Amino acid sequence: MVEKVITLENISLVDFLGVEDKNIKEVASAFPKSKIVSRGNEIRIQGNTTEILKINDILNALLQHYHKYGKVTEDNVQNYLSKEDSEIEESTKEDILIYGTRGFAIKPKTANQQSLVKSVREKDLVFVVGPAGTGKTYISVAMAVRALKNKEVKRIIITRPAVEAGETLGFLPGDLKEKLDPYLRPIYDALRDMVPGEKLKYYMENGTVEIAPLAYMRGRTLNNAFVLLDEAQNTTPMQMKMFLTRMGPSSKVIVTGDTSQIDLPKKQKSGLIEAVGTLRHIKDIGFVRLSGKDVIRHKIVKAIIDAYEQESEKTE
C-alpha cells in the first residue's frame, strides 16, 4: 500500500474540507479501496498507485477551484468526481507552475502574481516590486525550478545582497557558509518546497543550483541560466548595474524587492529604485508591482501592510 500526504497551506479548512470534512468524505466514498483521512491541515491518502494518482488529481482540481472561488461545496466535489481523467488533468494543469515536494500545486494565486508569471514568460528581464508576503520570491523560485525541469536553462543562480549593501560579514561567527546561510535561508526554504532534498543537494554540489551573495556575481557572465536577485532594495546603484550587466545569452533574470524595507544608510540611494526609474522606458524589460492585496500569509499581515502604507501616505 502506498501513502501520499497533501499539506493544505493558506486555506480556510472549513471552506475547503466542508463542515465536518464532508467534502473529503465525499471523495473517500468514491474510492472505497483507498483510505483518505483529513487531520489538521494534512490529507493522507493510502491505496494503490493508480487510485492515489487519480485522487491527487481530483484534490488538486478542488484546490484550484478553491483558490479561484474561495469555497468548495459538495456539488463541486460531485462535479469533479464525475469528470473524465482528461478533463481533470486539463482543469488542474492550468496556471500550475510545478508540484511541490509535499504534493501540492504551486501556482499564482492572485491577478498580480499571474501578471508576474506572464511577464517572466514574455520578457528576459523582469523587475518585481512589492511588500513582504506577496509571493514575489516564492513564485520567482518556482518559475526558475520549472525552467530547469523543462530544460529551458541549465542552471539556477539565486543571489542576495548579504546584510547590508556593503555585505560586511566579518563580525559574524563561523566560516563563510555559516555567515551567509541566515541571509539566504528563505531561498533554501523555498527550494526545499519544490525540489526533493537529495536532488537539491546533488544540484548544489554540481553547480546546477547556486545560491550566493551578490558580491560573488562580479566579473561573471551568467549564460543559459535562470537568475534571481532577491532583496534588491538593499543594493546600491553600482551593485545593481554590475548585476544587470552580468546577463548572458539564453538567460532569464528576475529582480525582486520591497522598497518599503530598505536597510541602506539613509543617504544611500537604493539600486532597485534607481533601476526601475532609469530602465522603465525599455520595452523588452518587464515591470510588475504587487500590493497588500496579494499577501498570501496570515490575514493579519495584510492588515499590517495596509496600515503602514496608509501611514506612509500621510507622511508623504
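Residues numbered from 1 in each chain as written. Predicted model: local features only at pLDDT ≥ 70, side-chain atom pairs only at ≥ 80, totals over all residues. Heavy atoms only, no water.

(A) Representation of the sheet that holds strand S3 (residues 42-47). The strand order S1-S3-S2 describes an open sheet built from three strands, whose pairing is antiparallel. What marks the edges here is a single partner per strand, and that holds for strand S1 (2-7) and strand S2 (35-39). In this sheet, adjacent strand axes meet at a mean angle of 15 degrees when their direction is disregarded. Examined bridge by bridge, S2 and S3 share five bridges and lie antiparallel to one another. (Pairing = 2+ DSSP bridges. Helix = DSSP H or I, 4+ residues; strand = E, 2+ residues; numbered from the N terminus. Axes fitted to C-alpha atoms, helices over the stretch in contact; angles between N-to-C directions.)

(B) Main features of the pattern of salt bridges. Scanning all chains against the criterion turns up eight salt bridges. A salt bridge links Lys 118 to Glu 122, with the shortest nitrogen-to-oxygen separation between them at 2.9 Å. Residue Lys 118 and its partner Glu 122 are both found in helix H6 (residues 111-122); the two are separated by four residues, about one turn of the helix. Counted as one network, the salt bridges with shared partners bring together Glu 3, Glu 42 and Arg 44. (Salt bridge = Lys/Arg side-chain N within 4 Å of Asp/Glu carboxyl O.)

(C) Quick look at helix H2 (residues 22-30). By the burial criterion, the buried members of H2 are Asn 23, Ile 24, Val 27 and Ala 28. All buried residues of H2 fall inside an arc of 140 degrees around its axis, so they share one side. Facing away from the buried side of H2, by more than 90 degrees, are the exposed residues Lys 25 and Ser 29. (Buried < 20%, exposed > 50% of the residue type's maximum accessible area, 1.4 Å probe, protein only. Arc of directions from axis to C-beta.)

(D) Structural context of the sheet that holds strand S10 (residues 252-257). Spatially, six strands are ordered S8-S7-S9-S10-S6-S11 in an open sheet, and the strand pairing comes out parallel. Among the strands making up the open sheet, the edge pair consists of strand S8 (209-213) and strand S11 (285-289). Strand-to-strand twist across the sheet, computed as the mean angle between neighbouring axes with direction ignored, equals 15 degrees. Where strand S6 (residues 125-129) and S10 come together, five bridges link them in parallel fashion. Counterpart to Leu 125 in the pairing with S10 is Val 253. Running at roughly 160 degrees to S10, helix H10 (residues 237-244) makes contact with S6, strand S7 (155-160), strand S9 (225-229) and S10 of the sheet. (Contact = heavy atoms within 4.5 Å.)

That is the geometry; function is a separate question.
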